[in-house]
Amino acid sequence: MQKLEERIGHRFKDKNLLLTALTHSSYANEHAAHGCESYERLEFLGDSILGAVTANFLYRHEPRLPEGRMTRLRAELVCEAALHKVALSLELGSYMRLGKGEENTGGRERTSILADMVEAIIAALYLDSGIDEARRFVMEKVLADAVITEDHRSADYKTELQELVQQKPNRHISYELVGESGPDHNKRFVFSVSINGTVAGEGEGRTKKEAEQMAARMALEALRQ
C-alpha cells in the first residue's frame with residue numbers, strides 16, 4: 001500500500017478507506033461474514049466530487065464557455081476512458097481485491113472497474129483529509145493535461161466515424177446495444193458499431209450515448225491502423 005500511496009501522493013491516516021476503495025463487490029460478498037465493504041458507496045461519493053471539481057475548473061478557467069459546452073466538456077474530461085488512464089498510471093489493477101469469479105473473468109483489467117476505483121479513491125481522499133486533498137488529486141491526475149480554448153469542441157467520434165465511412169459509397173453504420181449491467185444508480189451499457197453488418201468496434205459507458213461514442217472511437221482506431 002505504501003507504493004500506491006506514493007503514486008496517489010497521499011499518506012492515509014485511515015488505511016481502511018484506501019483498502020475499501022480497492023475492494024470490488026465480488027470480494028466483499030465472499031467476505032461478508034467479516035463485515036467487508038465494497039467501493040460502491042465511495043464511488044458514488046467520488047463521482048459527485050469529481051464532477052464538482054471539474055465543473056469548478058471549467059467555470060473559473062473558461063469564463064466565456066456557455067453552459068451547454070461546459071456540460072459536454074465535463075463529460076468528456078471525466079469519462080470512463082479518461083479515468084481508466086488514471087487507473088493505469090496508478091497501476092490499480094495490481095492492488096484491487098476481487099472475488100474468485102471476477103478474477104477469473106478478467107476483472108483486474110476491466111475498464112469499468114478501474115474507472116470506478118479512481119472515483120472511490122477520490123472519495124477516500126476527501127473523507128481522510130477533506131476537499132482540498134481530493135481536489136489536488138483530481139487536478140494532478142485527471143485534469144492535468146486538460147487544455148481547453150474558447151473554440152474547443154468536444155470529441156464526437158460518431159460524427160467522425162460517419163464522415164470517414166461515407167468517403168466510400170454504399171457503406172452504412174449501425175449501433176446495437178449488446179450488454180447492460182449494474183444497479184439503477186450505476187448502469188453500464190455496451191454498444192457495438194457495425195459497418196455494412198460487420199462489427200467494427202465495441203464500447204462501454206455509463207449512458208447509452210457514451211457507450212456509442214466509445215464504440216465509434218474503437219472503430220476509428222481500428223480503421224486507422
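Refer to the structure printed above.
Summarised in this report is the structure supplied together with it. By convention here, each chain's residues receive numbers from 1 onward along its written sequence. At least 70 in pLDDT is required for a residue's local features to be given in this predicted model, at least 80 for side-chain atom pairs to be given and counted, and no such filter applies to totals for whole chains, interfaces and linings, which use all residues. Side-chain descriptors were evaluated using all non-hydrogen atoms of the structure, hydrogens and water having been removed beforehand.

Concerning the nonpolar core
Residues enter a nonpolar core if they are buried and are Ala, Val, Leu, Ile, Met, Phe, Trp, Tyr or Cys, with the set joined through side-chain atoms within 4.5 Å. Exposure classes here rest on a 1.4 Å probe applied to the protein chains alone. A residue is buried below 20% of its type maximum, exposed above 50%, and partly exposed in between. Leu 4, Ile 8, Leu 92, Val 118, Ile 121, Ile 122 and Phe 137 are the most contacted members of the largest nonpolar core, which totals 43 residues. A helix here means a DSSP run of H or I that spans at least four residues, while a strand means a run of E at least two residues long, and both kinds are numbered starting from the N terminus. Listed by contribution, the elements that provide at least two residues to this core are helix H1 (2-8), helix H2 (15-21), helix H4 (40-61), helix H5 (67-77), helix H6 (80-90), helix H8 (111-129) and helix H9 (131-142). Ranked by the residues each element gives to this core, the list is headed by H8, at 11 residues. Contacts were defined at the residue level, with two residues in contact if any of their heavy atoms lie within 4.5 Å. Beyond its immediate chain neighbours, meaning those up to four positions away, Ile 8 contacts Leu 18, Leu 90, Ile 121, Leu 125, Arg 136, Phe 137 and Lys 141. Membership of the second largest hydrophobic core comes to nine residues, among which are Val 193, Ile 195, Ala 216 and Ala 219.

Considering the sheet that holds strand S2 (residues 188-195)
Taken in spatial order, the three strands make up an open sheet running S1-S2-S3, and their pairing is antiparallel. Of all strands in the sheet, those with a lone pairing partner are strand S1 (173-181) and strand S3 (198-205), marking the two edges. Across the sheet, the axes of successive neighbouring strands diverge by a mean angle of 20°, strand direction being ignored. By the bridge criterion, eight bridges tie S1 to S2 in an arrangement that is antiparallel. When the sheet's bridge partners are listed, Ile 173 is paired in S2 with Ile 195. Sitting on the sheet, helix H10 (residues 157-165) is in contact with S1 and S2, with an inclination near 145° to S1. Each pair of strands is called paired provided DSSP finds at least two bridges between the two strands. Between the N-to-C directions of two axes lies an angle of 0 to 180 degrees, each axis being a line fitted to C-alpha atoms and, for a helix, fitted only over the stretch in contact.

That's the geometry; what it means functionally is another story.
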